[in-house]
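# Close look at the chain arrangement
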Amino acid sequence: MRCGFCLPACPTFRETGVEQESPRGRISLMKAAVDGLMEPNHDFEEQMNHCLGCRACEPVCPAGVQYGHLIEQTRDALEDHTQTHRPWIRAVRRIAFQQLFPYQQRMRLLGGALRLAQKWKLNQAARKTGLMKLFPPHLQAMERIMPEASYQGVIGLIGERHPAKGEKIATVGLFRGCIMDVLFAGTNVNTVKLLTEAGFEVVIPPDQNCCGALHAHSGEAEQARGLARRNIQVFQAAGVDYIASNAGGCGASMVEYGHLLHEDPDWKEGAEWFASRVFDISDLLVRFGRALQFSGSAVRITYQDSCHLRNVMRSSDAPRRLMKQVEGAVFTEMKEADRCCGSAGIYNLTQPDMAGQILDHKMAHVQAAAPDCLLTSNPGCLLQMKLGIDKHDAAGTMQAGHVVDFLAERLVPAK
Ligand code: SF4
Ligand code: SF4
């Protein structure tokens, strides 16, 4: 329809005011390339790479344009001859997407290596000797806020099966994630704690793998499909009623397995079975679980939506309802909490200037809300919030955390 309703919702359009940096502009470019009116040249690829993939343009579109599918197909078509990313980005992507994320054992080794480096304070030594200055500023900042890595992951920490407290409501399969289980294994442990307390039996299938979100967003659809097939097989074999995600980006990718595999007759049905069972933990707790009680000392909190949780899984109310239930917590809604923070998968690494600009605006709203703790529901957003605090919170009093950890620390167990 070219109505332009999506323009004010688009972070890159808001930052630049340029039509090509908007959903409508990008769709026009895609159509011009498909119709043979233009070659998908360097500038075309740049515009496609500038898109955050936040999908804020979808809920506001009166015509129901599924922009997320269009940008993924475009990137997939471009992937074979993309030259716009710098060689080191292409190399890191190749290693991470093809050699690491699909293999849980390798992710465990990576977690172990990171943990050792942190334990031996190699990162601090690199800082002191000036070695870190060889890296771009955004990577130096990323090193400063990196959480403690885990070499065990959630299964190594607490095992695969966890009975429900009290009468069982349903069996939930926990999707543990790949980066999540290395950098936020404690959040996975806390997810199990909340789910069992709410009446769910929890199983963590050990053979599950990466959801494929980063692959699909980067134009590597065939790899994403391979990872999806593996997850479908593993969770079907586990006989679960629901699949819990605690990372908005992973959850959004998994609710779209039906679309990802819609042209594969052998997997279409399984993909729809899987996708219909995926919920964010906040929705599982609010919609299907027994009511929980939370209590703690006085704290001011605010919430940054995960774009994919909000715009694709359409979940924004459940995490807020849970946070507002916590006795002692004062929740303040910050301005434009629904706007992307600039993290967007690996966007803050591949497009650091635009990501930094978006983050600076975000932090102005955070500071106006003046929370003690800034909460979110996705590991990428959480790291980006930590980067923002590192840069903007001169007093050093603000913290960032995952909603799950915040709730689990204040959970009052039923008697
Ligand atoms: S994508 Fe939707 S909101 Fe944007 S211009 Fe087209 S019809 Fe309008
Ligand atoms: S996905 Fe986000 S950045 Fe990309 S066009 Fe839509 S609103 Fe803009």
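Residues numbered from 1 in each chain as written. Chains lettered and ligands numbered in written order. Predicted model: local features only at pLDDT ≥ 70, side-chain atom pairs only at ≥ 80, totals over all residues. Heavy atoms only, no water.

## Observations concerning the overall build of the protein chain
A count of helical and extended segments in the protein chain gives 23 helices and 10 strands. Principal-axis analysis of the C-alpha atoms places the extent of the protein chain at approximately 70 × 55 × 40 Å. Burial analysis of the protein chain (415 residues in total) assigns 55% to the buried set. Within the protein chain, contacts between residues at least 6 apart in sequence are counted, and of these 78% link residues at least 24 apart. (Helix = DSSP H or I, 4+ residues; strand = E, 2+ residues; numbered from the N terminus. Buried < 20%, exposed > 50% of the residue type's maximum accessible area, 1.4 Å probe, protein only. Contact = heavy atoms within 4.5 Å.)

## Things to note about the pattern of salt bridges
Applying the stated criterion across every chain yields a total of 24 salt bridges. Between K391 and D360 there is a salt bridge; the shortest N-O distance is 3.0 Å. Of the two residues, K391 sits in helix α22 (residues 379-392) while D360 sits in helix α21 (residues 352-369), which places them 31 residues apart along the sequence. By relative accessible area, which is 28% here, D360 ends up partly exposed. Through salt bridges with shared partners, a single network forms among E222, R225, R229 and D264. (Salt bridge = Lys/Arg side-chain N within 4 Å of Asp/Glu carboxyl O.)

## Points about the sheet that holds strand β3 (residues 200-203)
Pairing is mixed across the open sheet formed by five strands, whose spatial order is β1-β3-β2-β4-β5. Edge strands, defined here as strands with exactly one partner in the open sheet, are β1 (161-162) and β5 (278-280). One ladder, built from three bridges, connects strand β4 (residues 242-245) with β5; its direction is parallel. Its bridge partner lying in β5, A244 is registered against F279. Those strands touched by helix α16 (residues 268-277) are β4 and β5, and its axis lies near 20 degrees from that of β5. This element, helix α17 (residues 281-288), spans β2 (170-174), β3, β4 and β5 of the sheet and lies at about 90 degrees to β5. (Pairing = 2+ DSSP bridges. Axes fitted to C-alpha atoms, helices over the stretch in contact; angles between N-to-C directions.)

## Details of the site of ligand 2
Taken together, 13 residues surround ligand 2, and among them C10, C51, C54, R55 and C57 come closest. Partitioning the shell around ligand 2 into residue classes produces nine nonpolar, two polar and two charged. (Near = heavy atom within 4 Å. Nonpolar A, V, L, I, M, F, W, Y, C, P; charged D, E, K, R; others polar.)

## Section: the pairing of strand β9 (residues 399-402)
As paired elements, strand β8 (residues 373-376) and β9 share four bridges and run parallel to each other. Its bridge partner lying in β9, L374 is registered against A400. Crossover connection from β8 via α22 to parallel β9: handedness right-handed. (Right-handed = clockwise from strand over helix to strand, strands pointing away.)

## Details of the site of ligand 1
Around ligand 1, the surrounding shell consists of M1, R2, C3, G4, F5, C6, R24, I27, C61, P62, A63 and V65. A class-by-class count of the residues in the shell around ligand 1 yields nine nonpolar, one polar and two charged.

## A short note on the domain arrangement of the protein chain
By domain assignment, the protein chain separates into domain 1 (7-79), domain 2 (87-145), domain 3 (153-286) and domain 4 (293-412). Spacing between the C-alpha centres of domain 2 and domain 3 amounts to 26 Å. Taken together, the contacts link 10 residues of domain 2 with 17 residues of domain 3. Of all residues in domain 2, the largest losses of buried area upon contact with domain 3 belong to F97, F101 and Q104, amounting jointly to 48% of the total for that side. Where domain 2 meets domain 3, there are one salt bridge. Scanning the region where domain 2 abuts domain 3 turns up one residue pair in polar contact (both at pLDDT 80 or more). Only α5 (87-100) and α6 (104-119) provide two or more residues apiece to the side of domain 2 that touches domain 3. Top contributing element to the side of domain 2 that touches domain 3 by residue count: α6, with five residues. Classifying every residue of the side of domain 2 that touches domain 3 gives five nonpolar, three polar and two charged. (Domains from an automatic or database assignment. Buried area = accessible area lost by both parts, 1.4 Å probe. Polar contact = N/O pair within 3.5 Å; in protein donor to acceptor, adjacent residues only side chain to side chain.)

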